[in-house]
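Tertiary structure, described
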Amino acid sequence: MALKIEQDHNRFRQIVRGKIKANLKKYISHEELIGRKGKDLISIPIPQIDIPTFRFAPRSQGGVGQGDGDSGTPIAVDEDEGSGEAGNLPGEHLLEVDITLEELAQILGEELELPKIEPKGHQKIQTEKDKYAAIHRSGPESLRHFKRTYKEALKRQITSGAYSLKNPLILPIREDKRYLSWKTKPTPECNGLIVYMMDVSGSMGDEQKEIVRIETFWIDTWLRSQYKGLVTRYIVHDATAKEVNEEMFYHIRESGGTMISSAYHFFNKMIDEEYDLGQWNIYGFHFSDGDNWSGGDTDKCISLLQKELLPKVNLFCYGQVESTYGSGEFIRELEDELDSAENLITSKIESKDDIYNSIKQFLGKGK
Amino acid sequence: MNLPPELKRIQEEIEGYARDYGLDFCETIFEILDFKQLNEVASFMGFPNRFPHWRFGMEYERLSKSYAYGLHKIYEMVINNDPCYAYLLQCNNYVDQKIVMAHVYGHGDFFKNNFWFSKTNRKMMDEMANHATKVRKYIDKYGYNEVEEFIDICLSIDDLIDRHAPFIERRGRKVASDLLDPEAEQTVKKIKSKDYMEEFINPPDFMELQQRKIEEDKLKKRGYPEAPEKDVVLFLIENAPLENWQREILELIREESYYFAPQGQTKIMNEGWATYWHSKIMTQRALRDSELIDYADHHSGTVATQPTRINPYKLGLELFKDIEDRWNRGKFGKEYEECDNIETKKSWDKDLGLGREKIFEVRKIYNDVTFIDTFMTEEFCEEQKLFVYKYSPEQEAYVISDRDFRKVKQQLLFSLTNFGQPFIFVKESNYENRGELYLYHRHEGIDLKVDYGKETLRNIQTIWTRPVYLETVVEGRGKIFKFDGEKHSERNL
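For the structure given in this document, a descriptive report is provided here. Just so it is clear, the structure is predicted and the values come from calculations on it, not from any experiment.

Digging into the overall build of chain A
Along its length, chain A carries twelve helices and twelve strands. For chain A, the proportion of its 367 residues judged to be buried stands at 46%. Taking as baseline every contact in chain A between residues at least 6 positions apart, the subset at least 24 positions apart corresponds to 78%.

Description of the sheet that holds strand β1 (residues 28–33) of chain B
Residue and element names in this part refer to chain B. Reading across the sheet, the three strands line up as β1-β3-β2 and stay open at both edges, with mixed pairing between neighbours. Looking at strand neighbours, the two that pair on one side only are β1 and β2 (76–79), the edges of this open sheet. Adjacent strand axes in the sheet meet at a mean angle of 20°, parallel and antiparallel pairs treated alike. Running over the sheet, helix α4 (residues 94–113) touches β1, β2 and β3 (84–89) and is turned about 25° from β2.

Looking at the packing of helix α11 (residues 267–286) of chain B against helix α12 (residues 292–302) of chain B
Residues and elements named next belong to chain B. Running from amino to carboxyl end, α11 crosses α12 at an angle of 165°, the nearest separation of the two axes being 12 Å. Relative to α12, the element α11 is oriented roughly antiparallel. Seen from above, α11 lies across α12 with left-handed handedness. For the pair formed by α11 and α12, the contact residues are Thr 275, His 278, Ser 279, Met 282 and Thr 283 on the first element and Tyr 295, His 299 and Thr 302 on the second. Here the residues of the contact of α11 with α12 sort into two nonpolar, six polar and no charged.

Description of the interface of chain B and chain A
Contact with chain B, which involves 77 residues of that partner, is made by 47 residues of chain A. For the pair chain B and chain A, the two sides together bury roughly 5500 Å², of which 60% comes from carbon and sulfur. For the chain B face of the interface with chain A, the top three residues by lost area are Trp 54, Tyr 398 and Tyr 452 of chain B, together amounting to 13%. On the surface where chain B and chain A come into contact, there are three salt bridges. Our count for the chain B to chain A interface comes out at 23 residue pairs in polar contact (both at pLDDT 80 or more). Taken together, the elements giving at least two residues each to the side of chain B that touches chain A come down to α2 (35–43), α3 (54–68), α6 (144–157), β4 (386–392), β5 (397–402), α19 (405–416), β7 (436–442) and α20 (450–464) of chain B. With eight residues, the top contributor of residues to the side of chain B that touches chain A is α3 of chain B. Considering only residue class, the side of chain B that touches chain A consists of 38 nonpolar, 20 polar and 19 charged. As paired elements, strand β2 (residues 63–66) of chain A and β4 of chain B share four bridges and run antiparallel to each other. Within β4 of chain B, the residue paired with Gln 66 of chain A across the bridge is Leu 386 of chain B.

Quick word on the nonpolar core
As a rule of thumb, nonpolar side chains are buried together in soluble globular proteins. Of all hydrophobic cores here, the largest spans 104 residues; its most connected members are Trp 218 and Phe 285 of chain A together with Leu 236, Ile 249, Leu 250 and Leu 439 of chain B. The biggest single contributor to this core is helix α7 (residues 206–226) of chain A, with eight residues. Aside from chain neighbours lying at most four places away, what touches Ile 249 of chain B is Val 135, Tyr 138, Val 147, Phe 150, Ile 151 and Cys 154 of chain B. Within the second largest apolar cluster, 60 residues are counted, among which are Tyr 21, Leu 88, Phe 110 and Ile 372 of chain B.

Details of the side chain of Arg 17 of chain A
All names here are of chain A. Mapped onto the fold, Arg 17 is located in helix α1 (residues 5–22). According to the relative accessible area criterion, Arg 17 is buried, its value standing at 19%. For Arg 17, the contacting residues outside a window of four places in its chain are Glu 103, Gln 106, Ile 107 and Glu 110.

Re unusual backbone geometry
All names here are of chain B. Note the cis peptide between Asp 82 and Pro 83, where omega equals 0°. By the element assignment, Pro 83 lies in the loop between β2 and β3. Residues other than glycine seldom take positive phi values, yet Met 45 does so here, at roughly 55°. Looking at the element boundaries, Met 45 is found in the loop between α2 and α3.

Here we look at the sheet that holds strand β9 (residues 477–483) of chain B
Residues and elements named next belong to chain B. Pairing within the open sheet is mixed, and its five strands lie in the order β6-β7-β8-β9-β10. Either end of the sheet is taken by a strand with one partner, and the two such strands are β6 (423–431) and β10 (488–492). Taking the axes of each pair of neighbouring strands and ignoring which way they run, one obtains an average angle of 25° across the sheet. For strand β8 (residues 468–474) and β9, the ladder comprises seven bridges, and the chain directions are antiparallel. Within β9, the position partnered with Val 473 by the bridge is Gly 478. Set on the sheet, helix α9 (residues 232–239) makes contact with β6 and β7; between it and β6 the angle comes to about 25°.

A closer look at a nonpolar patch on the surface
Together, Ile 191, Tyr 196, Met 197, Phe 200 and Ile 201 of chain B give the surface a local cluster of nonpolar side chains, amounting to about 560 Å² of exposed area. For Tyr 196 of chain B, the location among the structural elements is in the loop between α6 and α7 (198–201).

A look at the packing of aromatic side chains
For any pair of aromatic rings, the description consists of the separation of the ring centres together with the inter-plane angle of the planes. Residues and elements named next belong to chain B. Tallied over the entire structure, the rule returns 50 aromatic pairs over all chains. For the pair Phe 30 and Tyr 105, a centre-to-centre distance of 5.8 Å together with 70° between the ring planes defines the contact as edge-to-face. Of the two residues, Phe 30 is situated in strand β1 and Tyr 105 in helix α4; the sequence distance between them amounts to 75 residues. Assigned by exposure class, Phe 30 and Tyr 105 land together as buried. Connected via pairs of aromatic rings, a cluster forms that spans Tyr 21, Trp 273, Tyr 276, Trp 277, Phe 320, Trp 327, Phe 332, Phe 360, Tyr 366, Phe 371 and Phe 375. One Lys or Arg, Lys 427, reaches over the ring of Tyr 440 and ends 4.7 Å from the middle of that ring. Stacked on the ring of Phe 423, the Lys or Arg Arg 442 has its end atom at 4.3 Å from the ring centre.

Quick look at the pairing of β5 of chain B
Residues and elements named next belong to chain B. Counting buried residues along β5, five of its six residues qualify, which places the element largely inside the surrounding structure. Pairing between β4 and β5: five bridges, direction antiparallel. Bridge pairing in β5 places Tyr 391 opposite Tyr 398. Hairpin connection, β4 to β5: the antiparallel pair is bridged by four residues, and Glu 396 has positive phi, about 50°.

Describing the pattern of salt bridges
All chains considered together, the criterion is met by 54 salt bridges over all chains. Put simply, Arg 174 of chain A and Glu 175 of chain A hold a salt bridge, and the shortest N to O gap is 3.9 Å. Arg 174 of chain A gets classed as exposed once you look at its relative accessible area, which sits at 68%. Overall, Glu 175 of chain A belongs to the partly exposed group, its relative accessible area being 44%. As a salt-bridge pair, Lys 230 of chain B and Asp 162 of chain B come within 3.9 Å of each other at their nearest N and O atoms. In this pair, Lys 230 of chain B sits in the loop between α8 (204–221) and α9 while Asp 162 of chain B sits in the loop between α6 and α7, placing the two residues 68 residues apart along the sequence. Taken individually, Lys 230 of chain B and Asp 162 of chain B each receive the classification buried, so the pair is uniform in this respect.

Regarding helix α5 (residues 101–112) of chain A
Over its twelve residues, α5 of chain A runs 16 Å from end to end, which matches the ideal 16 Å to within 8%, given 1.5 Å per residue. Looking at the residues trailing α5 of chain A, positive phi occurs at Glu 113 of chain A, about 55°.

Some thoughts on a negative patch on the surface
Residues Glu 337, Glu 378, Glu 379, Glu 382 and Glu 383 of chain B make up a contiguous surface patch of negative charge. Here Glu 379 of chain B shows up in helix α18 (residues 378–383).

Considering the packing of helix α9 (residues 260–274) of chain A against helix α10 (residues 295–312) of chain A
All names here are of chain A. Packing of α9 against α10 leaves a shortest axis separation of 9 Å and a crossing angle of 20°. By the angle between their directions, the pair α9 and α10 is classed as roughly parallel. Helix-helix and strand crossings are classified by hand; for α9 and α10 the assignment is left-handed. Contacts between α9 and α10 involve Ile 260, Ser 261, Tyr 264, His 265, Phe 267, Asn 268, Ile 271 and Asp 272 from the first element and Asp 297, Lys 300, Cys 301, Leu 304, Leu 305, Glu 308, Leu 309 and Lys 312 from the second. Here the contact of α9 with α10 is built from residues that sort into eight nonpolar, three polar and five charged.

Cut-off values and rules
Residues numbered from 1 in each chain as written. Chains lettered and ligands numbered in written order. Predicted model: local features only at pLDDT ≥ 70, side-chain atom pairs only at ≥ 80, totals over all residues. Heavy atoms only, no water. Helix = DSSP H or I, 4+ residues; strand = E, 2+ residues; numbered from the N terminus. Buried < 20%, exposed > 50% of the residue type's maximum accessible area, 1.4 Å probe, protein only. Contact = heavy atoms within 4.5 Å. Pairing = 2+ DSSP bridges. Axes fitted to C-alpha atoms, helices over the stretch in contact; angles between N-to-C directions. Parallel < 35°, antiparallel > 145°, perpendicular 65-115°, else oblique. Left-handed = near helix turned anticlockwise from the far one by under 90°. Nonpolar A, V, L, I, M, F, W, Y, C, P; charged D, E, K, R; others polar. Buried area = accessible area lost by both parts, 1.4 Å probe. Salt bridge = Lys/Arg side-chain N within 4 Å of Asp/Glu carboxyl O. Polar contact = N/O pair within 3.5 Å; in protein donor to acceptor, adjacent residues only side chain to side chain. Core = buried A, V, L, I, M, F, W, Y, C linked by side-chain atoms within 4.5 Å. Patch = residues over 30% accessible without salt bridge, like charges linked within 9 Å, V, L, I, M, F, W, Y side chains within 5 Å. Areas by Shrake-Rupley, 256 points an atom, 1.4 Å probe, with all protein chains shown as cover. Phe/Tyr/Trp six-rings, centres within 6.5 Å; stacked < 30°, edge-to-face > 60°. Lys NZ or Arg CZ within 6 Å of the ring centre and 35° of its normal. Expected span 1.5 Å × (residues − 1). Lys, Arg positive; Asp, Glu negative; His and termini not counted. Charge placed at Lys NZ, Arg CZ, Asp CG, Glu CD.

In structure tokens form, the structure reads like this:
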């Protein structure tokens, strides 16, 4: 049954959305959110939404309690201290709100002004599907939900005492009737493949990996909202490349040199062997500190991109993170050599604060 | 949903017991709700119809979540209205429903008989629904955001009322026509004239003089309150340049505030009284053998104590029981007070049997402040293990600071005075002769939360439109905060 509170509740959710949107930049550069991800929901701490009033400062107040203990016995820690920030301002209480990943992606899209992705080729066709998923109290008789209606009538008769075991006659009245209702949902008939590649050579430290982790989380969130059947695969490389699972992708640490071509080669082979180009929208994201082994390998990468990868994929993104050893040359060379390529995007991510802009650069074209 | 037959039977049984004990209440209508509906009603503070506002939605989110996580469960809600409405949670078992019903009759008796409720509107169910209709009407006319923004402001100051006002006839309420009628005398009336005579009939110098006078009058009209005005909301309703719909909304929110005020003033007594009676009715009459464990479990949950907070159910119950015992045994009056033999005092028993009569009298004429002040004794304080706690910066925690009876009582009374809210008055409304509003916080040892205070000041400024001041004390120094419509400023006194 529809509740009256729903209007107020929706309005509150709307305000919450506004808060999230306003603070999105902050959320994006913090890893915290990723840890809060559930299956469909993500729990976001936002500053308490409150109506100000004249009230007493909590700490100077004290109070009366009840129980055992001598003078000086601590009875509660100060919750206000939670934020751990210095200063004389009291920490703000946080409000935890759950929103769906889909909603989060929508907010991300609105705030970053990300265009809707246009799937390539003939796969633009969308099918509209009517889904009978809701139950309403009114509707045409042809859509009457027999079981629900019966249940309601049964419930009513039992509670009102009109039901008898000997003569179990159930007569639904108008209030008992329940009807099926539908929603038309356009579903894009296309498939997406995302391949994340990361350089895990000795020079990529924890901080760099964290940046990659945060950025891929947001990219993933966005792309998932755009494609129905999204497949995600992970490749790591130092001097050689291999496929790993998600867990490994973020935690693996290899040492050794860097040969970026190994990853590109691996990616190319993966596409050729497993994916039909007509059916799949393919995205490649590669993160590295750009410190490639040799100029020769870089040339190899460029030619691989030019001849093989770029014609096959919707988008190839290269993100160069700043490592403690400084930043490599790879990004500059890509930009110089493949300047005209439309579906190659490069981005320099020097710190967590750049993630926001980097996502915008990568996804801003709507490829 | 109406009560199913079995619950109906239980209700009649419990109601019978309650009447046998002498409880006196309005007709009570029980309704069964599922947890969603109960959370809804609870978010609306008991009323099925409230004006639309997101704050109720926020409360709903909080309640639903803590219910889902099993952190809490609302057992009952009861509305001070005639007839009295009470809600039962569908999934509760019969013994829970029995306790709740007995508890509700306790509240019903309290609502009907306690003096502090004597002025509350007993048709509030209808009134709240009317308020909702009114606000919806304004939303249709002026737009959701506009109305919502204004309600945000109203709710920010809705506790700035004078809780004793319903009992005091201080002065006649100004009627609407006395209030600033915004357009009327803004300009000087011209005498009709032909063009060529205009200059002589309405000489420009004179017109200008008159105009200035009117403007000065207008500033003066915002005149002082003769004595500091505690009902800040009323003062704003009467004197701020509000539009009619805004004034109506502020007025209805003020009315709701006054409706809820006595519940805040008698929380300990009201819950104590209801708990006393559910325990009496259950243990002496209604409880069946098979229900004993469930009852004990439920009741112990109701009266459980926490070190950081006073449980009003527990404190009220124990104090009523203590009063009953003292008056049964004659432990009061000059002779008892002056006796200094501890042993004699302890075993004092004049077998007066006045206890029951006394607690009925107490529930009639006291509120929490006078209740604690009059009846809380040193022995009681010790027996209940009450203490004062403070924030200790060294330990970065709240710690027990004292068990001294006088300090406990003082702190407890302080936290109850004025509903635990700071005292704020309107001191001047033509501050520095510029029509600026000067508010005064009567500081009684505890500072205001500054950031909240500033935001509230901003809200009041939106209503008043001219700059607004607040005088208070921060860390021992007199301070004046000001918001002029654009920025905050402050200076030391």
